[in-house]
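# Summary of structural features
Here's the letter readout for the chains.
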Amino acid sequence: MPDNLHFKTVTDLQSLLAGGEISSVELCRELIDRKEAVDSKIQAFNSLDAENVLANAEASDQRRANGELRGPLDGIPIGLKDVIAVSGSPLTCSSRMLENFVPPYDATVSRKLKEAGAIPFGRLNMDEFAMGSSTENSAFNTTFNPWSSDRVAGGSSGGSAAAVSAGSVPVSLGSDTGGSIRQPASFCGVVGMKPTYGRVSRFGLVAYASSLDQIGPFGRSVADVAQVLQSIAGHDPKDSTSIEKAVPGYPEILQNPIGPWKLGVPKEYFEEGLDPEVKACIQKAIDWYADQGCEIQEIQMPNMDLAIAVYYIIATAEASSNLARYDGVRYSHRSEQSEDAIDLYFKSRAEGFGEEVKRRIILGTYVLSSGYYDAYYLRAQKIRTLIREDFMKAYESVDALLTPTSPFVSFRAGEKNEDPLAMYLSDIFTISANLAGIPGISVPCGFNSENLPIGLQILGKPFGESDLLAIANSFEQAHDFSSQHPDL
Ligand code: GLN
């Protein structure tokens, strides 16, 4: 058996499987053992059905033996954020509300992965209903950072980022409403991509803020992220917001990278609040692109300072509507103390939802209420359009933008817990991409003096995933940040 199998990329695993050096059963056994060995420290998993994983691995090995492989991901395990439905497997959203919920259907992404032969590997921890930036809002556990076990993995897809970083699974899926893929990827030193709104079907993704939510991949290399994106992207009749647009061959684009690119650096992203070590590291990455012959342009994004305020109006408004379905009557937690129907709603929701979720429902209900709708919600929608226009204007002169993913590295667990506003600032650089619907990727670009990972964010044009992957890949190939692993 090859050494350090748990840190191999999907690309490596594919050739080991193809060459008969390992079987999918051996690979999955190794990862189940790895998860057993390290997950008590980082708590990335909500659940893992080892028996089911091994049965799927055996079926894949059988297909391989018969020459009936379903696709390049056949036999490859993939972790799923606990907000994406897999038929017959618990789907908790890290909430007491859905603690006992088992969906009877697959999300479109789960179906596509299964059809490609990939093996769903565990349910990964998250902030409750994807609301948060540290995975401390999970009703079950905090997910810790594999690089420093007293620090957070980021959020809300903290489990998806930490499991990949720790070597428990080679790739995973998360969801990104305001940064929840890119920010934890940056904190955990892995690659994470939020595709364009509409590129990947949201059917079977539990809704937080439907006009912002998007599913995307995590991996230990850009190439792995490209492969997973390939298998989940595309139009889905079950999600009317998914776009009917051909899906390019993402992995092939990496074979013959185009460039050099015109890259924009928005000056608003480099002002106060940015940690000096992060700033220096991002500047180094920008200089590297310049050295490769890329034209670097300073860009202005005049409405960027409004992004957080706008996001917390729109996201909470949509959340207050989406979360109304958890009433204790159908599939969610039902209080046993209630006296009548109204009391049942109150008590089930009071018992089932955590503090941050309640805060957002209250905020969202407020901004939508008559008398405040025009002042908050309507104005936020107008500014959202201006933010999108800022990006579209920038893309008239550049192919993509380079920014830090997060203003700081992973923080200590508990540090921002009591201060929601400080927590919300974690997403200052990621949120505007969701408001504009554009794609973004975070790629490891260095470490600070305490050996904590730093992520470079690359933001692209709508449906410009190929460019983002190529730009990120060229950086990754010339550096060795992605191939460094935490010592657990
Ligand atoms: N941290 C942001 C929030 O709390 C974004 C979360 C996400 O992208 N799901 O809403």
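Below is a summary of the structure that appears in this document. All of these numbers come straight from a predicted model, not from anything done at the bench.

### Some points on the sheet that holds strand β6 (residues 171-175)
- An order of β1-β3-β2-β6-β8-β7-β12-β13-β11-β9-β10 is seen for the eleven strands of this open sheet, with the pairing classed as mixed. In this open sheet, the two edge strands, each paired with only one partner strand, are β1 (45-47) and β10 (295-299). When strand polarity is set aside, the average angle formed by the axes of neighbouring strands in this sheet is 30°.
- When strand β7 (residues 191-194) meets strand β12 (residues 440-447), the two strands line up antiparallel, connected through three bridges. Looking across to β12, one finds that Lys-194 is bridged to Gly-440.

### Quick word on empty space enclosed by the protein
- Per the counting criterion, the structure on display carries four cavities of 30 Å³ or more.
- For the lining of the largest cavity, the residue count by class is six nonpolar, seven polar and two charged.

### Section: helix α2 (residues 24-42)
- Compared with an ideal rise of 1.5 Å per residue, which puts 19 residues at 27 Å, α2 spans 25 Å between its outermost C-alpha atoms and is within 8% of the ideal.
- At Glu-36, α2 shows its maximal bend, which comes to roughly 35°.
- For α2, the full list of buried residues reads Ser-24, Val-25, Leu-27, Cys-28, Leu-31, Ile-32, Arg-34, Lys-35, Val-38, Asp-39 and Ile-42.
- One or two residues past the end of α2 sits Gln-43, with phi positive at roughly 55°.

### Observations concerning a nonpolar patch on the surface
- Taken together, the side chains of Val-329, Ile-342, Tyr-345 and Phe-346 define a hydrophobic patch exposed on the protein surface, amounting to about 410 Å² of accessible area.
- If you trace the backbone, Phe-346 turns up in helix α11 (residues 341-352).
- Residue Phe-346 is classed as exposed on the basis of its relative accessible area, which comes to 62%.

### Here we look at helix α9 (residues 276-291)
- In this model, α9 (16 residues) spans 22 Å end to end at C-alpha, consistent with the 22 Å of a helix rising 1.5 Å per residue.
- For α9, the full list of buried residues reads Val-278, Cys-281, Ile-282, Ala-285, Ile-286, Trp-288 and Tyr-289. Angularly, the buried residues of α9 cover 155° about the axis, an arc narrow enough to put them on a single face. Exposed and oriented more than 90 degrees from the buried face of α9 are Pro-276, Lys-284 and Asp-291.
- Lining the buried residues of α9 we find β9 (262-266), β10, β11 (400-404), β12, β13 (453-460) and α16 (465-478).
- Between the side-chain oxygen at the start of α9 and the backbone nitrogen of Glu-277 there is a gap of 2.9 Å, and the oxygen is on Asp-275.

Rules of the game
- Residues numbered from 1 in each chain as written.
- Predicted model: local features only at pLDDT ≥ 70, side-chain atom pairs only at ≥ 80, totals over all residues.
- Heavy atoms only, no water.
- Pairing = 2+ DSSP bridges.
- Helix = DSSP H or I, 4+ residues; strand = E, 2+ residues; numbered from the N terminus.
- Axes fitted to C-alpha atoms, helices over the stretch in contact; angles between N-to-C directions.
- 1 Å grid on protein atoms, 1.4 Å probe; cavity = no way out; pocket = protein on both sides within 12 Å on 5 of 7 lines; lining within 4 Å.
- Points joined across faces, edges and corners; volume = space filled by probe spheres on them.
- Nonpolar A, V, L, I, M, F, W, Y, C, P; charged D, E, K, R; others polar.
- Expected span 1.5 Å × (residues − 1).
- Bend = angle between axes of the 7 residues up to and from the residue.
- Buried < 20%, exposed > 50% of the residue type's maximum accessible area, 1.4 Å probe, protein only.
- Patch = residues over 30% accessible without salt bridge, like charges linked within 9 Å, V, L, I, M, F, W, Y side chains within 5 Å.
- Areas by Shrake-Rupley, 256 points an atom, 1.4 Å probe, with all protein chains shown as cover.
- Salt bridge = Lys/Arg side-chain N within 4 Å of Asp/Glu carboxyl O.
- Arc of directions from axis to C-beta.
- Contact = heavy atoms within 4.5 Å.
- Polar contact = N/O pair within 3.5 Å; in protein donor to acceptor, adjacent residues only side chain to side chain.

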